[in-house]
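Given next are the chains, with one letter for each unit.
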Amino acid sequence: MKSFYWRFSKLEKKYLDSILHHGFGDKKKSYKYLLEDAFSKKFNINYSISFNSCTSALHSSFLALNLKKNSEVLVPSLTPIMCSTTIHLGGLKPIYVDVDPETFLIDYDDLKKKITSNTKAVLAVHMYSGICDLKKLKSICKKNKLYLIEDCAEAFGGKDENHNLVGTIGDISCWSFQSAKHITCGDGGMATTNNKILAKRLRKIGNLGFSTLKADNEQDPIPKDIRQNPNFNRFDEIGYNYRLNEFSCAISLAQLKNSNKFINLRREVGKAFNKITAKYSKYIQTQKINTPAFSTYYTYAFHLKDTKVSWKKFRSIFIQNGGDPFYAASKLNNQEKAIIKYSIGRCFKSCKANCLNSCKGTPVAKNLQKKLILLTTNQSNKTLIKSQVRSLEKTLKFFFGS
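Let me begin by describing the structure that accompanies this report. (Residues numbered from 1 in each chain as written. Predicted model: local features only at pLDDT ≥ 70, side-chain atom pairs only at ≥ 80, totals over all residues. Heavy atoms only, no water.)

**Overview of the pairing of strand 5 (residues 147–151)**
Applied cut-off: Only protein chains enter the accessibility calculation, which uses a 1.4 Å probe. A residue is then buried if its area is under 20% of the maximum for its type, exposed if over 50%, and partly exposed in between. Per the convention used, a helix needs a DSSP run of H or I reaching at least four residues, while a strand needs a run of E reaching at least two, with both numbered from the N terminus. By convention, orient the strands away from the viewer: a clockwise path from the first strand over the helix to the second makes the crossover right-handed.
For strand 5, the buried fraction is high: four of the five residues fall into the buried class. Running through helix 6 (residues 134–143), the crossover from strand 4 (residues 119–125) to the neighbouring parallel element strand 5 is right-handed.

Here it is as structure tokens:
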């Protein structure tokens, strides 16, 4: 093989070849062990537990909290549906919080208003290019004795305005290795924590509830004579088969070692877009990134202030000008048909069971969702980056002039 898909390097091939040539037992340490160990070291976290997706990691996190059934978890409404369904599948109730009109992230004032005696956790979702203020969130959670869960799927390597590294402040943090993310193995995830009790629960929930599992990934060797005995108690918890396979772990490890390359490319795209959008601030509202936060630009988010220019028309002209087809924001959690169908969660304490059909609890998010333009930032080289930047500039000139 002389060439590689740009996301992959010789390192991925080397690791995969070692499995293909020698099987799964050729190393003293599995790639699963090596990945989790490397991830913990990179983020200076005590425990890293690999999963087959970020969704699995989130579901396991809410189960690991071991909260009373129907305890409330505050979650931004402007975020993919998995953030609410994993709360629901964990036996808990999502409470939808509005977002800030400038940062597009969870609104801290609305969050504080929606805390009740039944609130037990907050899910902070770092979205698009934005990083939540982790210092502020941790303060709110500490004051109200709440768990803080971080969804880091779109913010690998990012830092908030207080220099807090994403994924290092929450009680549990979850990550995605899906194909569009900063590092990828096609699909996969990770949960990290500094809490030994939570780490052990996460590992058991994600791996069928094996009795031998501990918080770290160094397991006590159990002789085959014991393990294969009919009286051996294999399982002491109920868990899921959420394991990340050895091939995916090998690819993820290689990607992790090259992660700075991917982060630098996305930052180059984001900063190039910033130079263009700054000229058109009269006409567009970009996602505010609080200085001196370090964004890793999963996407580049903005909306048009001029309501005469439709989202659909802007997208059409952008594509005509050579731009990559861009995404819209997902429907609000409290607008999704599946959420409404099963009456999952609410916005206010006074909400009735069917209020999701005409929800007015997150007005800013409702307004933003229809307007957001999410440009791709995963270009592989400077030539493609320049092409996307030119496409944006030509499109803005088309609608708003020089």
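**Notes on the pattern of salt bridges**
The following threshold applies: A side-chain nitrogen of Lys or Arg and a carboxyl oxygen of Asp or Glu constitute a salt bridge if their distance falls within 4 Å.
Within this structure, the stated rule accounts for twelve salt bridges. Among the ionic pairs, Lys 41 bridges to Asp 37, the shortest N-O distance being 3.1 Å. On the criterion of helical spacing, the pair formed by Lys 41 and Asp 37 is a turn pair, its members being four residues apart in helix 2 (residues 31–43). Residue classification places Lys 41 among the exposed residues on the basis of a relative accessible area of 63%. Here Asp 37 falls in the partly exposed class, since its relative accessible area comes to 26%. For Asp 109, the salt bridge goes to Lys 112, with nearest N and O atoms at 3.9 Å. Linking Asp 109 with Lys 112, this pair stays in helix 5 (residues 108–113), spanning three residues, or about one helical turn. On the basis of relative accessible area, Lys 112 is assigned to the partly exposed category, the value being 45%.

**A word on the packing of helix 10 (residues 259–277) against helix 14 (residues 382–400)**
For clarity, the cut-off: Helix axes use the C-alpha atoms of the stretch in contact, all axes being lines fitted to C-alpha atoms, and the angles between their N-to-C directions lie in the range 0 to 180 degrees. Here roughly perpendicular refers to angles of 65 to 115 degrees, roughly parallel to angles under 35, roughly antiparallel to angles over 145, and oblique to all remaining angles. Take the far helix as the reference: if the near one is turned anticlockwise from it by less than a right angle, the crossing is left-handed, and if turned clockwise, right-handed. Contact between two residues is taken to exist if any of their heavy atoms lie within 4.5 Å; hydrogens are not considered.
Here helix 10 crosses helix 14 at 25°, and the two axes come no closer than 10 Å. Of the possible angle classes, the one that applies to helix 10 and helix 14 is roughly parallel. You can see that helix 10 and helix 14 cross each other, and the crossing is right-handed. Packed against helix 10, whose contacting residues are Leu 265, Glu 268, Val 269, Ala 272, Phe 273, Ile 276 and Thr 277, the element helix 14 presents Lys 382, Ile 385, Gln 388, Val 389, Leu 392, Glu 393 and Leu 396 at the interface.

**Observations regarding the nonpolar core**
Side chains that are nonpolar tend, in soluble globular proteins, to be buried together. Note the following rule: The set of buried Ala, Val, Leu, Ile, Met, Phe, Trp, Tyr and Cys residues whose side-chain atoms join them within 4.5 Å is what this entry labels a nonpolar core.
In this structure, Phe 62, Leu 78, Leu 111, Leu 123, Tyr 128 and Leu 137 are the most contacted members of the largest nonpolar core, which totals 61 residues. Sequence-distant contacts of Leu 111, that is, excluding residues within four places in its chain, are made with Leu 74, Val 97, Ile 106, Val 122, Leu 137 and Ile 140. Judged by nonpolar contacts, the second largest core, of 26 residues, contains Leu 35, Ala 155, Cys 249 and Leu 253.

**Concerning a positive patch on the surface**
Spelled out, the test is: Patch definition: residues above 30% relative accessible area lacking any salt bridge, with like charges linked at up to 9 Å and the nonpolar side chains Val, Leu, Ile, Met, Phe, Trp and Tyr linked at up to 5 Å. Note on areas: Shrake-Rupley with a 1.4 Å probe; residue coverage comes only from the protein chains shown. In summary, the charge assignment counts Lys and Arg as positive and Asp and Glu as negative, without counting His or the chain termini. Here the site of a charge means NZ on Lys, CZ on Arg, CG on Asp, or CD on Glu.
Among the surface-exposed residues, Lys 331, Lys 337, Lys 360, Lys 366 and Lys 370 lie close enough to one another that they form a single positively charged patch. Summarising the element assignment, Lys 366 is placed in helix 13 (residues 363–369). Overall, the relative accessible area of 37% leaves Lys 366 in the partly exposed class.

**Points about the packing of aromatic side chains**
Inclusion rule: Any two of the Phe, Tyr and Trp rings considered here, Trp counted by its six-membered ring, make a pair once their centres fall within 6.5 Å; the pair's planes then place it as stacked at under 30 degrees, edge-to-face at over 60, or tilted in between.
Per the counting criterion, the structure on display carries 25 aromatic pairs. Aromatic pair Tyr 5 and Phe 8: ring centres 5.4 Å apart, planes at 75°, arrangement edge-to-face. The exposure class assigned to Phe 8 is partly exposed, which follows from its relative accessible area of 31%. With a centroid separation of 5.6 Å and an interplanar angle of 75°, the aromatic rings of Phe 24 and Phe 247 are classed as edge-to-face.

**Structural notes on the sheet that holds strand 7 (residues 189–193)**
Sheet strands pair via backbone hydrogen bonds, and the direction of the pair is either parallel or antiparallel. Just so we agree on the cut-off: One requirement defines pairing of two strands: DSSP has to find at least two bridges between them.
If you walk across this open sheet you meet the seven strands as 1-7-6-5-4-2-3, and the pairing is mixed. Of all strands in the sheet, those bounded by a partner on one side alone are strand 1 (47–51) and strand 3 (93–97). Here the average twist between neighbouring strands, direction ignored, is 20°. Across three bridges, strand 2 (residues 72–76) lies against strand 4 in parallel orientation. Within the sheet, the bridge partner assigned to Glu 72 lies in strand 4 and is Thr 119. Contacts from helix 7 (residues 196–206) reach strand 1, strand 6 (172–176) and strand 7 within the one sheet, and its direction differs from that of strand 1 by about 15°.

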